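As a plain string of letters, each chain reads:
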Amino acid sequence: MEMSKVLQDQVAIITGSTSGMGEAIARRFAKEGASVVINGTNEERGKKIQDEIVNDGGQAAFYKADVSSAPEVEAMVDFAVEQFSKVTILVPNAGILGNGLATEISLETWDKTIGVNLNGVFYLCRYGLPKLIEAGGGTVVINASIASFKSFPQHPAYCASKGALIPFMKNIAQDYAGHKIRANALCPGPVDTPLIWDSVKAFPNADSIIDETIGMTCVGRLGTPEDVAEAALFFASDKSSFITGASLTIDGGIMC
Ligand code: NAD
């Protein structure tokens, strides 16, 4: 007899799921029975992940949208309902770095970073939450960062955007609890994705910084996208039914 899957009959939109943690979350959720909307700016990669999930017996559909565009996010939410008839899980995950000292970063880079990392999360909630309400409830799992709590040199826009996500998440948890909606935040530390290798370019010791970062963890390694996907699954499922408004560091102990 097949065990019932943890996310059976759920429909999730995972932004930035053509790479890294978003991809791992989409694959993990699909394995647990959720229908997943894959999103990102790389159409070829998105379609490949969609096809692999479907060939593996899952349900997935790619939608190309820039999360910093409100109309595109609204259209993506409508697409999710057309494809899978409802939406029950929102995972705003897409993020960019926007490196540069506060006195040197271009206004364009600042706006773009806030646009993707903060406005993008708001837009998915703005257009997605009414669908969760229609469905009778659901969960919001925001991918923030340990940068929500601590500074990283030369990442002022990144830290500002990630810092804002925690009170935003708590506000969603408070205002929508009456609709059976929970909201929580993942706060990863160093995770082995393309983004972290771009991030180190901001440091003068780019070659050694990953090793130094690993040395700062308690467990002695980088996180994997799958480590974060497990935590996302916990927050998205009923296994965390009494947890809302919480932030979980997934950082190998670096914040210790
Ligand atoms: P990644 O670069 O592998 O993936 C980022 C994804 O976001 C890609 O799918 C990309 O296509 C998508 N994306 C970028 N701009 C977009 C836009 N405008 N619209 C739609 N999609 C867009 O990076 P990752 O490390 O998996 O990052 C995922 C999240 O985790 C980000 O929010 C990041 O800030 C956060 N994070 C990463 C680390 C780390 O060490 N890698 C640590 C803490 C938090």
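Numbering of residues begins from 1 in every chain and follows the order in which that chain's sequence is written. Only residues with pLDDT of 70 or above have their local features reported here, since the model is predicted, and side-chain atom pairs are shown and tallied only from 80 upward, although totals for entire chains, interfaces and linings are computed over all residues. Hydrogen atoms and water are omitted, and side-chain values are computed over all heavy atoms in the structure.

What about the site of the ligand?
Throughout, the term near means that a residue has one or more heavy atoms lying within 4 Å of the molecule or strand in question. The environment of the ligand is made up of 30 residues, and the closest members are Ser19, Asn93, Tyr158, Lys162 and Thr193. What qualifies as a polar contact is a pair of N or O atoms within 3.5 Å, subject to a donor-acceptor requirement within protein and to the restriction that residues adjacent in sequence count only when both atoms come from side chains. With respect to the ligand, the backbone of Gly20 contributes an N or O atom lying 3.5 Å from an oxygen atom. Interatomic distance of 2.9 Å between a backbone N/O atom of Val191 and an oxygen atom of the ligand. Each accessible area is a Shrake-Rupley estimate made with a 1.4 Å probe; only the visible protein chains count as cover when residues are assessed. Coverage of the ligand by the protein amounts to 91% of the 830 Å² it exposes when considered alone.

A few points about the packing of aromatic side chains
Between the rings of Phe, Tyr and Trp (Trp by its six-membered ring), a pair exists once the centres lie within 6.5 Å; its type follows the angle of the planes, with under 30 degrees stacked, over 60 edge-to-face, and the other angles tilted. In this structure the tally under the stated criterion is four aromatic pairs. A ring pair is formed by Phe122 and Tyr123, whose centres lie 5.6 Å apart and whose planes are at 50 degrees; its orientation type is tilted. On the accessibility criterion, Tyr123 (17% relative accessible area) is buried. Ring geometry for Phe122 against Phe168: centres 6.5 Å apart, planes inclined by 85 degrees, an arrangement best described as edge-to-face. Of the two residues, Phe122 sits in helix H4 (residues 107-134) while Phe168 sits in helix H5 (residues 156-176), which places them 46 residues apart along the sequence. An aromatic cluster is present here, built from Phe122, Tyr123 and Phe168 joined pairwise through their rings. Of note, Lys150 hangs over the ring of Phe152, and the distance from its end group to the ring centre comes to 4.4 Å. Categorising residues by exposure relies on relative accessible area from a 1.4 Å probe, with only protein chains included: less than 20% of the type maximum marks a residue as buried, more than 50% marks it as exposed, and the intermediate range marks it as partly exposed. Each helix is a run of DSSP H or I of at least 4 residues and each strand a run of E of at least 2, with the numbering of both proceeding from the N terminus. Placement of a positive charge over a ring is assigned whenever Lys NZ or Arg CZ falls within 6 Å of the ring centre and within 35 degrees of the normal to the ring plane.

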